[in-house]
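# Residue-level structural notes
Take a look at the letters that make up each chain.
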Amino acid sequence: MTIEFNEEKILEQIDNVVKKTLDMDLIWDWPCGVAYYGVSRAYEVTGNSSYIEGLQKAVDARIEAGLPASWTVNTCSMGHSLLTLYAHTGDEKYLQLIRSKLAYLQNKAERFEGDTLQHTVSSSNDFPEQAWADTLFMAAYFMLRAGVMFEDKKLVDDALNQYFRHVEYLQDKTTGLWYHAYNHIEKGHMSGFYWGRANAWAAYTMSRVRIVLPEPYLYPPYMHIDCSLRDQLAAIKKFQRSTGLWGTLLNDDESYDEVSASAGIAAAMIVNENPLHSTYAAAALDGVLRNISPDGRVLNVSGGTAVMRDRDGYMNIPKVWTQGWGQGLALAQLAAVLDLGSQQGSKAR
């Protein structure tokens, strides 16, 4: 894959988005988890010490302010930044929190058939026996990263099983696209829409498996993941708009452009490095850059979205506020661009 870009401009935008992100009053939950994952990736690709220092200060402030009384799938997303901080500092307080989240996911989190993690957002049983695409980012990808870091085969196998099960439950094998969620009790996809950000959670985290997992081809579930991503991206590219973005409902021309989904999908294309997707990833880069304000706010990001009852539910989610997941996914995309540039030699334009 080859993308021409202005490295100086990308670095400037990353800096603006990181600063805005760290200035947001996000609490210990998934918006913060996704946002700080993006800051972590920004640090990893740039080596800018101010990013890791700012991240450490922000995470420490949230620890001091008080942690949630119990974990959920969504709060486990904060584990991403903890992994980065532990790798950088070796501070045991981060390791203890990582271990606590992993213990919850392995031993206490609700599961259903196939040992599939049920999506949870609170201590209540909000969504009994439901698999959501969001879980791949919040929990499975975190488990995979931790399993590799700590050389824990059981944890790696559990993480890969989550990918396997979510592919089975959520991907439409006919279209290649992903549904938002699956209800195992009712054996259906509820409203059954191809929600953009759900597809971004799936595509981005699946693309990262090859990067994170040493010798992934030695794990049979990886072949499942690789083929799922191949078919998904081949389908998604067809719905890209002239703006370079994708709609909040992928196959609905009347749905609005949604930047967080577009950033996550484009990041997946870049990480996956299929040369046939170069033009799509380049167009998406231009589209997302046009939606970053001078003060680092990622614009036109839809609000938090449950599995809505109908089309109007998705269409009417507001997109006027700065959201942690928008910041984080945009940083993931820009970081992927820089990673690619370091391999191909950045090309200014």
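Our subject is the structure that appears above.
The following refers to the structure shown. What you are looking at is a predicted structure, and each value in this text was computed from that prediction instead of being measured.

As a further point, take the pattern of salt bridges. Scanning the model with the defined rule gives 14 salt bridges in all. Between Lys 93 and Asp 60 there is a salt bridge, with its nearest N and O atoms 3.1 Å apart. Separated by 33 residues along the polypeptide, Lys 93 in helix 5 (residues 92-108) and Asp 60 in helix 3 (residues 49-65) bring together distant segments of the chain. Residue Asp 60 is classed as partly exposed on the basis of its relative accessible area of 22%. Put simply, Asp 115 and Arg 111 hold a salt bridge, and the shortest N to O gap is 3.5 Å. On the basis of relative accessibility, which here comes to 19%, the residue Arg 111 falls in the buried class. Sharing partners across several salt bridges, the network here consists of Arg 41, Glu 44 and Asp 339.

For the rest of this paragraph, the subject is helix 9 (residues 220-236). End to end, helix 9 covers 25 Å across 17 residues, agreeing with the expected 24 Å (1.5 Å per residue, within 8%). Taken together, the buried positions of helix 9 are occupied by Tyr 222, Ile 225, Ser 228, Leu 229, Gln 232, Leu 233, Ala 235 and Ile 236. End-on view of helix 9: buried residues confined to an arc of 155°, all on one side of the axis. Looking at the buried positions of helix 9, the neighbouring elements they touch are helix 7 (153-170), helix 8 (196-212), strand 5 (246-247) and helix 10 (259-272).

Turning our eyes to something else, we now look at empty space enclosed by the protein. Within the structure shown, the criterion is met by one cavity of 30 Å³ or more. Taken as a whole, the largest cavity spans an internal volume of roughly 40 Å³. At the level of elements, helix 8 and helix 9 are the ones that each hand at least two residues to the lining of the largest cavity. The leading source of residues in the lining of the largest cavity is helix 9, at four residues. Taken together, the residues that form the lining of the largest cavity break down as four nonpolar, two polar and two charged.

Moving on, we get to helix 8. Spanning 17 residues, helix 8 covers 24 Å between terminal C-alpha atoms, matching the ideal 24 Å at 1.5 Å per step. Counted residue by residue, helix 8 has 15 buried out of 17 residues, so it is predominantly covered.

Moving on, we come to the environment of Phe 112. Looking at the secondary structure, you find Phe 112 in strand 1 (residues 111-112). A relative accessible area of 8% means that Phe 112 is categorised as buried. Between the alpha carbons of Phe 112 and Ala 235 there is a distance of 29 Å; along the sequence they are 123 residues apart. In contact with Phe 112, other than residues within four places in its own chain, are Leu 117, Gln 118, Glu 129, Gln 130, Ala 131, Tyr 169 and His 184.

Cut-offs used in this document
Residues numbered from 1 in each chain as written. Predicted model: local features only at pLDDT ≥ 70, side-chain atom pairs only at ≥ 80, totals over all residues. Heavy atoms only, no water. Salt bridge = Lys/Arg side-chain N within 4 Å of Asp/Glu carboxyl O. Helix = DSSP H or I, 4+ residues; strand = E, 2+ residues; numbered from the N terminus. Buried < 20%, exposed > 50% of the residue type's maximum accessible area, 1.4 Å probe, protein only. Expected span 1.5 Å × (residues − 1). Arc of directions from axis to C-beta. Contact = heavy atoms within 4.5 Å. 1 Å grid on protein atoms, 1.4 Å probe; cavity = no way out; pocket = protein on both sides within 12 Å on 5 of 7 lines; lining within 4 Å. Points joined across faces, edges and corners; volume = space filled by probe spheres on them. Nonpolar A, V, L, I, M, F, W, Y, C, P; charged D, E, K, R; others polar.

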